[in-house]
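Okay, here's what each chain looks like letter by letter:
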Amino acid sequence: LICFSTSIFAERNLVRPEDVKAFLKSTTYVVLEDNPMSGYNFKIKEAVEKSWKITPYKFITTKEFEPMRNDIEKSFLVLIQMKFDKDKIPAVYNFMSLSMGAAVKKLTDMPDVCSIPLSYFGVPEDNYIYKIEGLIRFMQAHIKLIDQNPALIKNNIYDYYNKNTKDVKTKELWVVENDLEKTTRELVKIRKNYPFTVKVVTTDNIEKAIAEKNTNVVYLHKVGPDGTRLQSRCYKILLGAGDDQAYYYEVHTISKSDGEGDGFLDSDFKKVGRK
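This text gives an overview of the structure that appears in the document. (Residues numbered from 1 in each chain as written. Predicted model: local features only at pLDDT ≥ 70, side-chain atom pairs only at ≥ 80, totals over all residues. Heavy atoms only, no water.)

### Points about empty space enclosed by the protein
Which parts of space are left empty comes out when a probe the size of a water molecule is rolled across the atoms.
Part 1 of the reasoning: Counted according to the given criterion, the structure contains three cavities of 30 Å³ or more.
Part 2 of the reasoning: Here the second largest cavity is characterised by a volume of approximately 60 Å³.
Part 3 of the reasoning: Lining the second largest cavity we find Leu 118, Ser 119, Tyr 120, Val 123, Asn 127, Tyr 128, Asp 179, Lys 222, Val 223, Gly 224 and Asp 226.
Part 4 of the reasoning: Mapped by element, the contributors of at least two residues to the lining of the second largest cavity are strand E5 (112-120) and strand E8 (217-223).
Part 5 of the reasoning: By residue class, the composition of the lining of the second largest cavity is five nonpolar, three polar and three charged. (1 Å grid on protein atoms, 1.4 Å probe; cavity = no way out; pocket = protein on both sides within 12 Å on 5 of 7 lines; lining within 4 Å. Points joined across faces, edges and corners; volume = space filled by probe spheres on them. Helix = DSSP H or I, 4+ residues; strand = E, 2+ residues; numbered from the N terminus. Nonpolar A, V, L, I, M, F, W, Y, C, P; charged D, E, K, R; others polar.)

### Re the sheet that holds strand E4 (residues 93-100)
Within a sheet, neighbouring strands are paired by backbone hydrogen bonds and run either parallel or antiparallel to one another.
Part 1 of the reasoning: Overall, mixed pairing links the five strands, which are arranged E2-E1-E3-E4-E5 in an open sheet. In the strand order of this sheet, the two ends are held by strand E2 (57-60) and E5, each with one partner. Across this sheet, the average inter-strand angle for adjacent strands is 25 degrees, counted without regard to direction.
Part 2 of the reasoning: Relative to strand E3 (residues 74-82), strand E1 (residues 27-31) runs parallel, the two sharing four bridges. Its bridge partner being in E3, Tyr 29 is matched across the sheet by Phe 76.
Part 3 of the reasoning: On the sheet, helix H2 (residues 39-51) packs against E1, E2, E3, E4 and E5 and is oriented at approximately 165 degrees with respect to E2. (Pairing = 2+ DSSP bridges. Axes fitted to C-alpha atoms, helices over the stretch in contact; angles between N-to-C directions. Contact = heavy atoms within 4.5 Å.)

### Re the nonpolar core
Part 1 of the reasoning: Judged by nonpolar contacts, the single largest core of 69 residues is most densely connected at Ile 44, Leu 77, Met 96, Ile 132 and Ile 136.
Part 2 of the reasoning: Residues in contact with Ile 132, not counting those within four places in the same chain, are Tyr 40, Lys 43, Ile 44, Ala 47, Met 96 and Leu 118.
Part 3 of the reasoning: One finds Leu 180, Ile 190, Val 198 and Phe 264 within the second-largest nonpolar core, a separate group that totals 15 residues. (Core = buried A, V, L, I, M, F, W, Y, C linked by side-chain atoms within 4.5 Å. Buried < 20%, exposed > 50% of the residue type's maximum accessible area, 1.4 Å probe, protein only.)

### Section: the environment of Phe 269
Part 1 of the reasoning: Its location among the elements puts Phe 269 in helix H8 (residues 266-273).
Part 2 of the reasoning: Its relative accessible area of 0% is what places Phe 269 among the buried residues.
Part 3 of the reasoning: Here the alpha-carbon distance between Phe 269 and Val 104, two residues 165 residues apart in the chain, equals 43 Å.
Part 4 of the reasoning: Contacts of Phe 269, omitting those with residues within four sequence positions, involve Leu 173, Leu 180, Thr 184, Ile 190, Asn 193, Tyr 194, Val 198 and Phe 264.

### With respect to the side chain of Asp 262
Part 1 of the reasoning: If you trace the backbone, Asp 262 turns up in the loop between strand E10 (246-253) and H8.
Part 2 of the reasoning: Separated by 2.9 Å, the side chains of Asp 262 and Lys 222 make a polar contact.
Part 3 of the reasoning: A polar atom in the side chain of Asp 262 sits 2.9 Å from the backbone nitrogen of Asp 226.
Part 4 of the reasoning: Look past the residues within four positions of Asp 262 in its chain and what remains in contact with it is Leu 180, Glu 181, Lys 222, Gly 224, Pro 225, Asp 226, Cys 234 and Ile 254. (Polar contact = N/O pair within 3.5 Å; in protein donor to acceptor, adjacent residues only side chain to side chain.)

### Regarding the pattern of salt bridges
Any two side chains of opposite charge can pair, so long as their charged atoms come close to each other.
Part 1 of the reasoning: A complete count under the given rule lists 17 salt bridges for this structure.
Part 2 of the reasoning: The partner of Lys 189 in a salt bridge is Asp 266, with the nearest N and O atoms 3.1 Å apart. With a gap of 77 residues between them, Lys 189 in helix H6 (residues 187-193) and Asp 266 in helix H8 connect regions that are remote in the sequence.
Part 3 of the reasoning: For Lys 189, a relative accessible area of 30% puts it in the partly exposed group.
Part 4 of the reasoning: Residue classification places Asp 266 among the buried positions, given a relative accessible area of 19%.
Part 5 of the reasoning: Here Asp 226 ties to Lys 222 by a salt bridge, and the two come within 2.9 Å at their closest N and O atoms.
Part 6 of the reasoning: According to the relative accessible area criterion, Asp 226 is partly exposed, its value standing at 28%.
Part 7 of the reasoning: Connected via shared salt-bridge partners are Lys 50, Glu 133, Arg 137 and Asp 244. (Salt bridge = Lys/Arg side-chain N within 4 Å of Asp/Glu carboxyl O.)

Okay, here's the thing in structure tokens:
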């Protein structure tokens, strides 16, 4: 396991403008998992072939990745497992990481152009693979943003995206029931905390909205333990199904004593619905 953290939605060393420029000139090698029956493999191939526009790309195996990752002129989209050294509970997370090649021992020492949390390690793939196309489209939009505005390359990039939160109420907010904290799931309670359009939908509904680039939909990407043993961080990100923008980013540490469980909280609805 790799005991570091990553950039955009974590705390790794900031990407440099020159790393972004190098990425845009590279070919991106998409690393497939060893399991031939992997749902991730199927979804990432489908999504990249349909929506990856920012660089040329090729698919490779993990065996091919090892020697190739030393090449500084190549970039890689790879699924990695990580944990945070400073966390009291050593939970392990899957991150989808877009990195430049480098002759370093640790994967997380490779220049990290953009990474996004995907799931806790051990969570069933069905909990997240339906959003893969939306996530890689967001990654590309983010890279274009920081290439055009290098001043945004800073630790509080979340502040930039959270400026969009006020616009969520002008769209439909779509959530999957299991991504809501258990005490937050009653529609009456949701509407009390968020008096705008919110719909509890299926994963298929969200996948369809992403595929159709529905500009009227903002959907929740939640990363939590989902029943796995170690319960630490819960990431909550709202993304546009059509414009591939982030509208809200928040993370809390799961705590039964504080009433902050696994999922989108009453307090999140209140923040997003604030006038």
